[in-house]
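Coordinates in review
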Amino acid sequence: LIVMFGGTPHKNAQVGSGGISRHLLREGLTACRDQGASFVCISPIRDDAMAELDARWIAPRPNTDVALMLALAHTLIEEGLHDQKFLARCTTGFERFAGYVTGADDGVPKTPEWAQAISGVPAETMRALAREMVRRRTMIMMSWSLQRAEHGEQPYWMAIALAAMIGQIGLPGGGFGFGYASANGVGNPVYPFSWPTLPQGSNAIADSIPVARIADALLHPGAPYDFNGEKRRYPDIRLIYWAGGNPFHHHQDINRLIAAWRRSETVIVHESWWNATARHADIVLPASTAMERNDIASSARDRMIAACHPISAPIGEARSDYEIFADLAGLLGARETFTEGRDEEGWIRHFYTVARQRVAEYGMELPDFESFWQAGIVTLPEPQDQKPLLAEFVADPQTQPLKTPSGRIELFSERIAGFGYDDCPGHPSWLVPREWLGAALAERFPLHLISNQPASKLHSQYDNGALSRSTKIAGREPLRIHPEDARLRGLSDGDIVRVFNDRGACLAGIVVCDAVMQGVVQMATGAWYDPLEPGLVGSLDKHGNPNVLTQDRGSSRLGQATIAHSCLVEIERHEGELPPITCYEPPTLI
Ligand SMILES: Nc1nc2c(c(=O)[nH]1)N[C@H]1C(S)=C(S)[C@@H](COP(=O)(O)OP(=O)(O)OC[C@H]3O[C@@H](n4cnc5c(=O)[nH]c(N)nc54)[C@H](O)[C@@H]3O)O[C@H]1N2
Ligand SMILES: Nc1nc2c(c(=O)[nH]1)N[C@H]1C(S)=C(S)[C@@H](COP(=O)(O)OP(=O)(O)OC[C@H]3O[C@@H](n4cnc5c(=O)[nH]c(N)nc54)[C@H](O)[C@@H]3O)O[C@H]1N2
Ligand SMILES: [Mo]
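Fair warning: this is a prediction, and the values are worked out from it, not measured in the lab. (Residues numbered from 1 in each chain as written. Chains lettered and ligands numbered in written order. Predicted model: local features only at pLDDT ≥ 70, side-chain atom pairs only at ≥ 80, totals over all residues. Heavy atoms only, no water.)

Observations concerning the sheet that holds strand β13 (residues 304–308)
On the basis of which strands lie adjacent, the open sheet formed by 3 strands has the order β12-β13-β14 and antiparallel pairing. With one partner strand each, in any of the chains shown, β12 (295–298) and β14 (377–379) form the two edges of the open sheet. Averaged over all neighbouring strand pairs, the angle between strand axes comes to 10°, with direction disregarded. Summarising the sheet, β12 and β13 pair through 4 bridges and their orientation is antiparallel. (Pairing = 2+ DSSP bridges. Helix = DSSP H or I, 4+ residues; strand = E, 2+ residues; numbered from the N terminus. Axes fitted to C-alpha atoms, helices over the stretch in contact; angles between N-to-C directions.)

Structure, rendered in structure tokens:
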């Protein structure tokens, strides 16, 4: 039985950092199906599971998965189905956690009826699922998306607690695993060596911030904040140097980011495209694309190494990031230190030599460089003897302890409890988010926005390309809505709507679709930010970047991560003329 929180969306496994030799998700999951596995997709969106898996669909209100899992845990305890031997051998803190589940410590038993009121999932569905999960070999999978929510730490800890109660961690096909399908190759058999990469160097400035707190840091230099048990202060950032990322795509509450961005004195950006980040820079260094340089592709989750040859010379004055940084290092008098005396080809040959050495340590041989460069790709044989996650630990927790303070799976953590965070207490907990369908705010903004990863591109990359543009509706980003929610608003396919809340507004094109649960709308990330009035905080985004709507707060003081998926909105028909899309227009050259 494969229970998938957030599903295993096929679209996401098209991507893998470092590159992909073969796409394995469909093959792997259909092989499971053919051997008798059955699937449960727990998600607000049905097609997060591939149709051919024939998954049962359970659709809790977004962000309420922990309540649902607590009800499963409650059923196991009430019916005496939890694996007490496993809990005693491999975990600590079960008694404390169980006191919370049964309500012994807070007077609120986390029963299926309690969870039904929160999640909307029928109590009997949860009871039956809990019993089935202990009766069969059960794997709990969770996509990475659930962490992108307020208190997004909790679902993962709770999933581990539940898997521990079922007692199948370390067994083939049992236990838990995160991020299957969130990228290609999660769960692939892999070799224990890493492919070579450029040295990272070390920054003379040791200070850093959690990346999702960038607007806070710019707006409140010197202000204190909590992070993972530490008390810290935001640095005073005067100069922004951004390379290889698009904050005007990825950051939450873009209007707030625009205000914050102005606090810096200078902004320098490496970009290949005239996108919103380039438009918000003082100095743009045009960077060539991956297709305009020599490179090597290799991934920790793959067993290939590939030669990447350019398909064209860089356009105009564009240069590779490496050349840009090498020249800057030269101006700072550190060219040799930076380049170690190598140019592009020198590094590629060096990487390959190191890769050959590492592979040789495992008794395999890579061809010489010239043959490799010509052949284009070398695939190593499939690694053998792969063990299920935590198998060694479970076999002998005494001699193979985990890296936790107790060496066990901690269902209560003294360390985390010691931080004293009410937004991340010492055991997995249901914590009410600010924005969800049960909030008072849902009276004004009754739709929960899921802004997931786009099927037609990687984040905002190549939104200007033909594939991404072919998916737009009258040039706007599609928004999927349940037929009943569309009917209530008199909307049908192809209508253009204004999506809004107190933070911002954007246009979108309607797709009526019963794969999205009622009360939820789905709009992928990645449409280039295209304000009606550039520079104006709060301007309508003509195009459909959902991050003009999302909240810019940390998941908790522990993680301080993005909470894009805790977001309420309302939609209404767009009246009047449709403003033209201008975000793809090149700059005027002087
Ligand atoms: N095609 C494509 N592939 C990608 C990317 C891309 O941009 N495009 N990005 C890559 C990157 S960097 C990452 S991090 C991964 C991300 O991988 P994921 O985090 O797995 O991807 P998402 O598509 O954001 O989310 C998956 C599904 O989770 C569901 N979901 C959202 N909120 C909740 C909730 O509260 N409860 C439950 N049960 N389900 C919820 C949504 O229905 C959503 O479709 O994808 C990678 N792969
Ligand atoms: N609402 C919402 N927001 C999200 C998410 C969500 O689920 N919902 N997901 C979050 C996640 S998981 C992620 S990973 C982020 C992704 O956010 P980003 O990583 O910022 O998104 P990208 O669009 O991939 O940005 C990469 C940029 O680098 C440029 N680029 C590409 N190749 C090169 C190169 O060789 N050199 C240089 N210099 N530039 C290059 C591209 O043109 C592009 O502008 O978004 C986050 N934001
Ligand atoms: Mo990501």
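On we go from here.
Describing the sheet that holds strand β1 (residues 2–5)
Pairing within the open sheet is parallel, and its 5 strands lie in the order β3-β2-β1-β5-β6. Edge positions in the sheet fall to β3 (56–58) and β6 (175–178), since each of these pairs with one other strand and no more. Mean inter-strand twist for the sheet, computed between neighbouring axes without regard to direction, equals 20°. Bridge count between strand β5 (residues 139–142) and β6: 4 bridges; the pairing is parallel.

Overview of the site of ligand 2
In the region of ligand 2, 24 residues are neighbours, and His-250, Glu-271, Asp-321, Ser-460 and Asn-547 sit closest. In this structure, an oxygen atom belonging to ligand 2 sits 2.6 Å away from a side-chain N or O atom of His-250. Between ligand 2 and Asp-321 there is a distance of 2.6 Å, counted from a nitrogen atom to a side-chain nitrogen or oxygen. Alone, ligand 2 offers 930 Å² of accessible surface; in the complex the protein occludes 83% of this. Residue composition of the shell around ligand 2, by class: 3 nonpolar, 17 polar and 4 charged. (Near = heavy atom within 4 Å. Polar contact = N/O pair within 3.5 Å; in protein donor to acceptor, adjacent residues only side chain to side chain. Areas by Shrake-Rupley, 256 points an atom, 1.4 Å probe, with all protein chains shown as cover. Nonpolar A, V, L, I, M, F, W, Y, C, P; charged D, E, K, R; others polar.)

Quick look at the side chain of Asn-184
Counting through the fold element by element, Asn-184 comes out in the loop between β6 and α8 (214–219). Side-chain polar atoms of Asn-184 contact the backbone oxygen of Arg-22, separated by 3.3 Å. Beyond its immediate stretch of four places on either side in the chain, Asn-184 contacts Asn-12, Ala-13, Val-15, Ile-20, Arg-22, His-23, Leu-24, Arg-301 and Asp-302. (Contact = heavy atoms within 4.5 Å.)

Structural notes on the pattern of salt bridges
As enumerated under the stated definition, the model contains 41 salt bridges in all. One salt bridge in this structure joins Asp-47 and Arg-480, with 2.8 Å as the shortest N-O distance. Taken together, the positions of Asp-47 in the loop between β2 (39–42) and β3 and Arg-480 in strand β17 (residues 478–481) put the pair 433 residues apart, joining distant regions of the chain. What makes Asp-47 partly exposed here is its relative accessible area of 40%. Across the pair Arg-487 and Glu-484 runs a salt bridge, and its minimum N-O distance is 2.7 Å. Taken as a pair, Arg-487 and Glu-484 lie in helix α19 (residues 483–488) at a separation of 3 residues, close to a single helical turn. Overall, Glu-484 belongs to the partly exposed group, its relative accessible area being 27%. What emerges from the salt-bridge pattern is a single network uniting Asp-226, Lys-231, Asp-422, Asp-423 and Arg-557. (Salt bridge = Lys/Arg side-chain N within 4 Å of Asp/Glu carboxyl O. Buried < 20%, exposed > 50% of the residue type's maximum accessible area, 1.4 Å probe, protein only.)

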